[in-house]
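# Summary of the model geometry
Spelled out from the first residue to the last, the chains are:
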Amino acid sequence: MPLYEHVLIARQDLSNTQAEGLIEHFSTVLADNGGKVVDNEYWGVRTLAYKINKNRKGHYAFLRSDAPSAAVQEMERLARLHDDVMRVLTVRVDEHKDGPSIQMQKRDERERGDRGDRGERRDRDGDRGERRERRDRDDRN
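Before going into details, it helps to say that this report is about the structure given with it. (Residues numbered from 1 in each chain as written. Predicted model: local features only at pLDDT ≥ 70, side-chain atom pairs only at ≥ 80, totals over all residues. Heavy atoms only, no water.)

### Some points on the packing of aromatic side chains
The final tally for this structure, using the stated rule, is 2 aromatic pairs. Where Trp43 meets Tyr60, the ring centres are 6.5 Å apart and the plane angle is 20°; that geometry is what we call stacked. Of the two residues, Trp43 sits in strand β2 (residues 36-52) while Tyr60 sits in strand β3 (residues 55-66), which places them 17 residues apart along the sequence. The same class applies to Trp43 as to Tyr60, namely buried. Judged by centre distance (5.3 Å) and plane angle (15°), the ring pair of Trp43 and Phe62 falls under stacked. With Trp43 in strand β2 and Phe62 in strand β3, this pair connects stretches of sequence that are 19 residues apart. Owing to a relative accessible area of 9%, Trp43 belongs among the buried residues under this scheme. Joined through ring pairs, the aromatic side chains of Trp43, Tyr60 and Phe62 make up one cluster. (Phe/Tyr/Trp six-rings, centres within 6.5 Å; stacked < 30°, edge-to-face > 60°. Helix = DSSP H or I, 4+ residues; strand = E, 2+ residues; numbered from the N terminus. Buried < 20%, exposed > 50% of the residue type's maximum accessible area, 1.4 Å probe, protein only.)

Here's what the structure looks like:
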């Protein structure tokens, strides 16, 4: 069966449990139509790039599925009819990546305070503090 990735955006005034309930609802829709959800992630409330139905934020959910196209079409149809879902994006992929999605990896890096490949921090002049050390030394003399 083909592999898909889905991103759902739900209204911001839902609670976290209601948003996670939507994930379960659409997972059962896929399962009832012969597919299965390999993995799901709740990304939390995020700011939208532009207003959608007068909402500035939305609950984001990510699903990885292994389902026939008929099951995916039915899930998308029901998601578009659902009052709490603002947007749905489905992409067919060749393979599912192991581990968390990019969004969850970014969250983990923020929580750890990891700077990644950016290196050490520089000040506005572009130096690494050498000038500041020289200024401090000159001020003391």
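Moving on, there is more to tell.
### Focus on the side chain of His96
Tracing the sequence through the fold places His96 in the loop between β4 (85-93) and α3 (102-112). Here His96 falls in the buried class, since its relative accessible area comes to 17%. In terms of polar contacts, His96 uses its side chain to reach the backbone carbonyl oxygen of Ser65, at 3.2 Å. When neighbours within four sequence positions are excluded, His96 is seen to be in contact with Leu3, Tyr4, Glu5, Val38, Arg64 and Ser65. (Polar contact = N/O pair within 3.5 Å; in protein donor to acceptor, adjacent residues only side chain to side chain. Contact = heavy atoms within 4.5 Å.)

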